[in-house]
Each structure stands twice: as C-alpha cells, then as structure tokens.
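Close look at the chain arrangement
Listed below are the residues making up each chain.
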Amino acid sequence: MAVFVWDKHKQPLMPCSEKRARLLLQRGRAVVHKRYPFTIRLKDRVGGETQPLCLGIDPGSKTTGLALMREANSEQRHLLCLFELVHRGYKIKQALQQRAAFRRRRRSANLRYRAPRFKNRTKPKGWLAPSLQHRVDTVTAWVNRLSRLAPVTAISQELVRFDTQKLDNPEISGVEYQQGTLLGYEVREYLLEKWGRECAYCGTADTPVEIEHVVPRSQGGSNRVSNLTTTRDKPRIF
C-alpha cells in the first residue's frame, strides 16, 4: 500500500512506497501528518511534478471497493493502494426498526384515546432511505478525502446490472419476465405442490405442514419463494 505525501504547504504530491516514507521520516525530512490513511508531510519541499491518478469505485450493497491507480498509458494502470468500505446499512435498518417499536409502545401506552393519524408526513424530493443515504454519503466522503490526499485527476465507477431471472433461466425472454414462478399460485399452494404436500426434511405425508425459511431471517435470509420450504407442524404445548 502506498503512502500519501504532502508538501510543505499541504499540497498533495505523488504517493511513495513504505520504504521511502520510512527513510524520509528517519532522516527528519518528513513528519507524520495523518495515521489513517497514513500520510506524511515533507518539510523541505514545495510543489513538484505529479502524474495523473485515477480513483476507481466498485459500489456494492454491503462493501464498496476503492482503488487508486497511476495511469502508465492509455491501456495500462499501476495500482497504488486499495480500500474496502464496509457499509452499516443493515445496522441502520435495525436501529430504525427498534426506534419505531419504542415510539409505537409510547404512543399506545400514553395516547390510547388519540385518533390514529397517517399520511401526515411528506418526504422531500430526492429522498433516500437512511441505509442508502449512508452508503452515498460514505463513498462521497472517502472520494473527497482521497482527492485531497493525492492528485486525483479522474474518477471511474463500475456500473453493472444483473439480470437475476436470466441467471436462473438463461433462455428467458419477452413476456416470460412477467410470468414468475408464482404465476397462477398462492405462495402456500405453490410450496405444497412443489414439495409434494409433505415435509421437505423427513418426507412425512398426511400431516399438517407449515412454511419455514431455509436460511432464517435472523441470519440474513429473505422472503423469496426460493428460500421457503415446508416442514411438519410442530406440536404446541399450552
């Protein structure tokens, strides 16, 4: 990983290697300006020639990758350092759900006789969910931070769209996109017919069954029909 370098007046210079940064610090020509990302400031240099740097962004729902590259020529790039941003979208969602539960409890306990209200809040134009807004703000903040630490002249972002239905069925086309796996079925009836109206684990038939998640919701499982199965109804003890 390269070390960021500033000149005497805190202007960004070309990043250097860890060995060169260590020598500059040992000889007293530089001081540590920032611990993370590790940045040194030269004491005896003002300005200098720089090369064009490109900042690559690979966005993701859970993690976003950042890569600082030096453009050797039009076809080749030399990698200087890599960063991985881990987003807090799921934790923000849990915190908002918990806050909503607390607020609902207070209202039911203290304002039992108040008439219910709904649709009394408007969202501004361009509003994003807090988990998505956090992702945008974090990536923007780090892009601005790296642009101040290094002479970044270009930003490249990878935008990829995945056809999830084509991943399951490569031959899908036309109106078939609107005819999913639940066409003409209810979820429970679809699962009963899919698993032969028996328990998917033990194969027991002629017994009440219930719908269960293959990967539990507490472990990140979804409500998609591919994550649902049938299991034998557990006896209830009263």
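Residues numbered from 1 in each chain as written. Predicted model: local features only at pLDDT ≥ 70, side-chain atom pairs only at ≥ 80, totals over all residues. Heavy atoms only, no water.

**A look at the sheet that holds strand E1 (residues 4-6)**
Pairing is mixed in the open sheet, where three strands are placed in the order E1-E3-E2. Two strands close off the open sheet at either side, each with one partner strand: E1 and strand E2 (30-34). Sheet twist, expressed as the average angle between the axes of neighbouring strands with direction ignored, equals 35°. Contacts from helix H3 (residues 130-149) reach E1, E2 and strand E3 (39-42), with the element oriented near 55° to E1. (Pairing = 2+ DSSP bridges. Helix = DSSP H or I, 4+ residues; strand = E, 2+ residues; numbered from the N terminus. Axes fitted to C-alpha atoms, helices over the stretch in contact; angles between N-to-C directions. Contact = heavy atoms within 4.5 Å.)

**Here's the deal with the state of the cysteines**
Simply put, the disulfide is a covalent bond whose two ends are the sulfur atoms of two cysteines. Counting across every chain of the model gives zero disulfides. In this model Cys54 remains outside any disulfide bridge; the closest cysteine sulfur is found in Cys81, 12 Å from its own. Assessed through its relative accessible area of 1%, Cys54 is described here as buried. Free cysteine: Cys199, not disulfide-bonded; nearest cysteine sulfur from Cys202 at 3.5 Å. Judged by its relative accessible area of 4%, Cys199 is buried. (Disulfide = S-S within 2.5 Å. Buried < 20%, exposed > 50% of the residue type's maximum accessible area, 1.4 Å probe, protein only.)

**Topic: the nonpolar core**
Core analysis: the largest hydrophobic core is formed by 19 residues, its most contacted members being Phe4, Leu53, Leu66, Leu68, Phe83 and Leu146. At five residues, the largest contribution of residues to this core is made by H3. Residues in contact with Leu68, not counting those within four places in the same chain, are Phe4, Pro15, Leu53, Cys54, Leu55, His78, Leu79, Leu80, Cys81, Ala150 and Val152. If you look at the next biggest cluster of nonpolar residues, it comprises nine residues, including Val5, Leu13, Ile40 and Leu42. (Core = buried A, V, L, I, M, F, W, Y, C linked by side-chain atoms within 4.5 Å.)

**Quick look at the environment of Val136**
Mapped onto the elements of the fold, Val136 is located in helix H3. The spacing of Val136 and Ser61 is 75 residues in sequence and 11 Å in space, taken between C-alpha atoms.

**Examining the pairing of E2**
Here four bridges tie E2 to E3, and the two strands are oriented antiparallel to one another. Its bridge partner lying in E3, Val31 is registered against Arg41. Counting the residues that bridge the hairpin from E2 to E3 gives four residues.

**Quick word on H3**
Over its 20 residues, H3 extends 28 Å from the first C-alpha to the last, a length consistent with the 28 Å expected when each residue adds 1.5 Å. For H3, the complete set of buried residues consists of His134, Thr138, Val139, Trp142, Val143, Leu146 and Leu149. The buried residues of H3 occupy one face: seen down the axis, they fall within an arc of 160°. (Expected span 1.5 Å × (residues − 1). Arc of directions from axis to C-beta.)

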